[in-house]
Amino acid sequence: MILVVGGAGYVGSHLVKELVENEEVVVLDNLSTGFKSLVDIKATFIQGDLGDIEVLNKVFTTYPIKAVMHFAANSLVGESVTDPYKYYENNVAATLTLLKAMVNHNIKNFIFSSTAATYGIPNVDLIDEHQPNNPINPYGKTKLMVEHILEDFALAYGLNYVVLRYFNVAGAHESATIGESHDPETHLIPIILQHLLGEREKISVFGTDYNTPDGTCIRDYIHATDLANAHILALNALLQEQKQTETYNLGNGNGFSVKEVIETCEQVTGRKANIEYVDRRPGDPAKLVASSKKIQTELGWKPKFDLTHIISSAWKWHTDTRNDK
Ligand code: UDP
């Protein structure tokens, strides 16, 4: 049985949808940003907080958990700059409680959702795992702190872990039953699509003076289902004892500027965007593009979906299914 903490969130729910095909799954989520409706009905759902040791003790004594996958975190760069306490409390302190409970219950396998924000402002075209970590915002710092905790727990308590550093996750499941929805929404692709649906008056592009060809930030967008499949490969590598402590980047290896993403959304939807250009958003690096060669070589991961597919899957979900409309 696998415990998925944060399995009612956007990324966690995509993982659960794939994982329930082959494993029994327990989801623990406090529904602070997730939605119970996103959790696959084959999973057992428990509403609770990962920082609550009593809830964790109960879960670990009730279910024969062989691995924990941890998606429950606050993940907005801008908010982490204005409200760092929330990030250190939820992302670091609560995760430490979860790890302590795992050690106490002798649960050895852990998959951790980390981020490209650990790299800060890398000076390379493609970021591999050897790039130095110099996070420039509290969000990236909290994720890196947990990575350090994991290194020490591996040495001291024999914890096995895989850290997955995500680039920009987007897109919706092919069934269009689950997709990306935050309240308030801050992510680029859902904001563009909400605007093209007439739910927002305009799109604000944050910064046009970055050192990139069109002056807007470049990011590497990866489909949530490709990301979910990488987690399953990582989980199997831990369970089959092929890996003990690994860190992998997860991205498609292609960078798209904010302007290019807007243009692709216009092409996919056949609608025209109303754009305003405003100041930079604090905490944003100019360019983040992944080399995911390591996980491709070591675990055989291969992303299937490009930016156009990511956007068309998200558009289908926004137009057909999204339940907060
Ligand atoms: N962005 C933007 N307007 C928006 C939202 C995002 O220009 O309304 C930009 C943002 O500054 C960044 C990129 O789009 O350069 C991706 O931002 P997002 O919040 O989606 O993901 P992040 O890279 O922060 O994880």
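Here, every reference points to the structure presented above.
This text gives an overview of the structure that appears in the document. (Residues numbered from 1 in each chain as written. Predicted model: local features only at pLDDT ≥ 70, side-chain atom pairs only at ≥ 80, totals over all residues. Heavy atoms only, no water.)

**Things to note about the site of the ligand**
Surrounding the ligand, one finds 14 residues, the nearest of these being L188, S204, R219, R281 and D284. Contact between the ligand and L188: an oxygen atom at 2.8 Å from a main-chain N or O atom of the residue. At 2.9 Å from an oxygen atom of the ligand is found a main-chain nitrogen or oxygen belonging to F206. Starting from 520 Å² of accessible surface for the ligand in isolation, the protein chains cover 90%. Residue assignment for the shell around the ligand shows that the elements contributing at least two residues are α6 (188–196) and β8 (203–206). Top contributing element to the shell around the ligand by residue count: β8, with three residues. Across the shell around the ligand, the residue classes tally to seven nonpolar, four polar and three charged. (Near = heavy atom within 4 Å. Polar contact = N/O pair within 3.5 Å; in protein donor to acceptor, adjacent residues only side chain to side chain. Areas by Shrake-Rupley, 256 points an atom, 1.4 Å probe, with all protein chains shown as cover. Helix = DSSP H or I, 4+ residues; strand = E, 2+ residues; numbered from the N terminus. Nonpolar A, V, L, I, M, F, W, Y, C, P; charged D, E, K, R; others polar.)

**Quick word on the pattern of salt bridges**
One pass over the full model with this rule turns up 15 salt bridges. The closest approach of N and O atoms between K243 and E246, which form a salt bridge, is 3.7 Å. An identical accessibility class is assigned to K243 and E246; each is buried. Salt bridges linked by common partners bring K243, E246, K294 and E298 together as one network. (Salt bridge = Lys/Arg side-chain N within 4 Å of Asp/Glu carboxyl O. Buried < 20%, exposed > 50% of the residue type's maximum accessible area, 1.4 Å probe, protein only.)

**Some words on helix α8 (residues 258–269)**
Taking 1.5 Å per residue as the helical rise, α8 with its twelve residues ought to reach 16 Å, and the 17 Å between its terminal C-alpha atoms agrees with that figure. Those residues of α8 not exposed but buried are V258, V261, I262, T264, C265, E266 and T269. At its buried positions, α8 is contacted by α6, β8, β10 (221–223), β12 (256–257), β13 (275–278) and α10 (307–320). Positive backbone phi, approximately 70 degrees, marks G270, located one or two places after α8. (Expected span 1.5 Å × (residues − 1). Contact = heavy atoms within 4.5 Å.)

**What about the state of the cysteines?**
Scanning all chains against the criterion turns up zero disulfides. The thiol of C217 is unpaired, and the distance to the nearest cysteine sulfur, on C265, comes to 16 Å. Looking at C217, the relative accessible area reads 6%, which means it is buried. A residue is classified by how much of its surface remains accessible, and C265, at 0% relative accessible area, is buried. (Disulfide = S-S within 2.5 Å.)

**Examining the sheet that holds strand β14 (residues 287–288)**
Pairing is mixed in the open sheet, where three strands are placed in the order β12-β9-β14. Looking at which strands have only one partner, the edges of the open sheet turn out to be β12 and β14. Two elements, strand β9 (residues 218–219) and β12, share two bridges in a ladder whose sense is antiparallel. Each residue of the ladder has a partner; that of R219, found in β12, is F256. (Pairing = 2+ DSSP bridges.)

**Section: the packing of aromatic side chains**
All told, the structure shown has three aromatic pairs when counted by the stated rule. Relative to F112, the ring of F110 has its centre 6.2 Å away and its plane inclined at 15 degrees; by these criteria the two rings are stacked. The same class applies to F110 and to F112, which are both buried. Here F153 and Y157 contribute two aromatic rings whose centre-to-centre distance is 4.8 Å and whose plane-to-plane angle is 85 degrees, an arrangement assigned as edge-to-face. (Phe/Tyr/Trp six-rings, centres within 6.5 Å; stacked < 30°, edge-to-face > 60°.)

**So, the pairing of strand β1 (residues 2–5)**
Both faces of β1 are covered, namely the face carrying I2 and V4 and the face carrying L3 and V5. Sheet topology note: the β1/strand β2 (residues 25–29) ladder contains four bridges and is parallel. Within β2, the residue paired with V5 across the bridge is L28. Tracing the backbone out of β1, into helix α1 (residues 10–19) and back to the parallel element β2 gives a crossover that is right-handed. Across four bridges, the pairing between β1 and strand β4 (residues 67–70) is parallel. Bridge pairing in β4 places V5 opposite H70. (Right-handed = clockwise from strand over helix to strand, strands pointing away.)

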